[in-house]
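Here is how the chains run, residue by residue.
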Amino acid sequence: MKLPRLMVAPNGARRGRAAHTALPLTDADLVKTAIACQKAGADGIHIHIRDDQGLHLLDAGRYRALLDQLDDAVPELYLQVTSEAAGRYDSKTQCDVVKALKPKHVSVALREMVRGDDDWADATDFYNWAKENGVDIQHIVYSPDELRGFLEACASGRIPGDHHLLQLVLGTYDGSQISRPESIKDFTDLMSTSGLSLDWGLCAFGVEETSCLVEAVRCGGKARVGFENSLWHADGTLAQDNAARVSEVLAGINQL
């Protein structure tokens, strides 16, 4: 299945209510946010769940319960879960949760599956399992160097298939690398010579999120917007909620 043109990532693994009072943490919050964001123009949602203390959680049962609620509330929305470690989980636990859940769509960071050369055997087993079981992985790559490593792994057969979904990350949470629209070319140049079929989306940080996402769509990619990555509009004002961020980015895309 193709990636949605505009996916919302409403909470992520790290931010809490201290960052923004409208950041959704509970399942009920996420269902309300999904409904509002779909009305604002999002056609997909990237889902993180939290435990009772508001901490990032990987749990197949909790994921399934939320997915069932979302299937009822927003049946046309593309639902993607995450396997993100967030400093809490090792790669085996991440794989075990995905295998237990068997979701239609999941994001998986290459750097979390392969933290050293010895991890490649287990990672390849996991990627083969996903392909055989119809689990669409959107591979997260955080830099052009990581993208180069991903493409080499595809060429060597460590990651099977010739069609892949990618999530490109522009910038960093801590602001040490600023998200700039012109940096997208570093990724697209690599993808254009890969010989693979690549469906890709982009996320970015801070006040440049909107301009980066609009540029990604102009370059043939998809956009992922939301409070996981940025709380701010392009003019520097704090967004009211995730739906407001969806609206601003959609307006920019529609002007292309």
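About the thresholds
Residues numbered from 1 in each chain as written. Predicted model: local features only at pLDDT ≥ 70, side-chain atom pairs only at ≥ 80, totals over all residues. Heavy atoms only, no water. Helix = DSSP H or I, 4+ residues; strand = E, 2+ residues; numbered from the N terminus. Polar contact = N/O pair within 3.5 Å; in protein donor to acceptor, adjacent residues only side chain to side chain. Contact = heavy atoms within 4.5 Å. Salt bridge = Lys/Arg side-chain N within 4 Å of Asp/Glu carboxyl O. Buried < 20%, exposed > 50% of the residue type's maximum accessible area, 1.4 Å probe, protein only. Pairing = 2+ DSSP bridges. Axes fitted to C-alpha atoms, helices over the stretch in contact; angles between N-to-C directions. Core = buried A, V, L, I, M, F, W, Y, C linked by side-chain atoms within 4.5 Å.

### Describing the side chain of H48
- Examined against the element boundaries, H48 turns out to sit in the loop between β2 (44–47) and β3 (49–50).
- Reaching out from H48, the side chain makes a polar contact with the side chain of H46 at a distance of 3.2 Å.
- Contact partners of H48, with chain neighbours within four places excluded, come to N11, G12, A13, L30, H56, Y63, T82, E84 and E228.

### Overview of the pattern of salt bridges
- Following the criterion strictly, the structure yields 14 salt bridges and no others.
- Measuring nitrogen to oxygen at the nearest pair gives 2.4 Å for the salt bridge that ties R17 to D29. Of this pair, R17 sits in the loop between β1 (6–8) and α1 (27–40) while D29 sits in helix α1, placing them 12 residues apart in sequence.
- According to the relative accessible area criterion, D29 is partly exposed, its value standing at 22%.
- Between K185 and D189 there is a salt bridge whose closest N-O contact spans 2.8 Å. Placement of the pair is K185 and D189 together in helix α7 (residues 184–192), with a separation of four residues, close to one helical turn.
- Via salt bridges that share partners, E209, R245 and E248 belong to a single interconnected network.

### Observations concerning the sheet that holds β2
- Reading around the barrel, the eight strands line up as β1-β2-β5-β6-β7-β8-β9-β10 and close back on themselves, with parallel pairing between neighbours. Direction aside, the axes of adjacent strands within the sheet are offset by 30° on average.
- Examined bridge by bridge, strand β8 (residues 163–170) and strand β9 (residues 197–204) share eight bridges and lie parallel to one another. Bridge pairing in β9 places L168 opposite L202.

### What about the nonpolar core?
- One finds I47, F126, Y127, L147, F150 and L202 to be the most contacted residues of the largest nonpolar core, which totals 70 residues.
- Take this core: its biggest share by element is six residues, from helix α5 (residues 120–132).
- When near neighbours in sequence (up to four residues on either side) are disregarded, L202 contacts Q167, L168, L170, I184, C212, L213, A216, K222, A223 and R224.

### Regarding unusual backbone geometry
- The backbone phi angle of A86 is positive, close to 55°, even though this residue is not glycine.
- Position of A86 relative to the elements: it lies in the loop between β5 (78–82) and α3 (91–101).
- One non-glycine residue, K102, lies in the positive phi region at around 50°.
- Positionally, K102 belongs in the loop between α3 and β6 (105–109).

Geometric descriptors of this kind do not, in isolation, establish any biological role.
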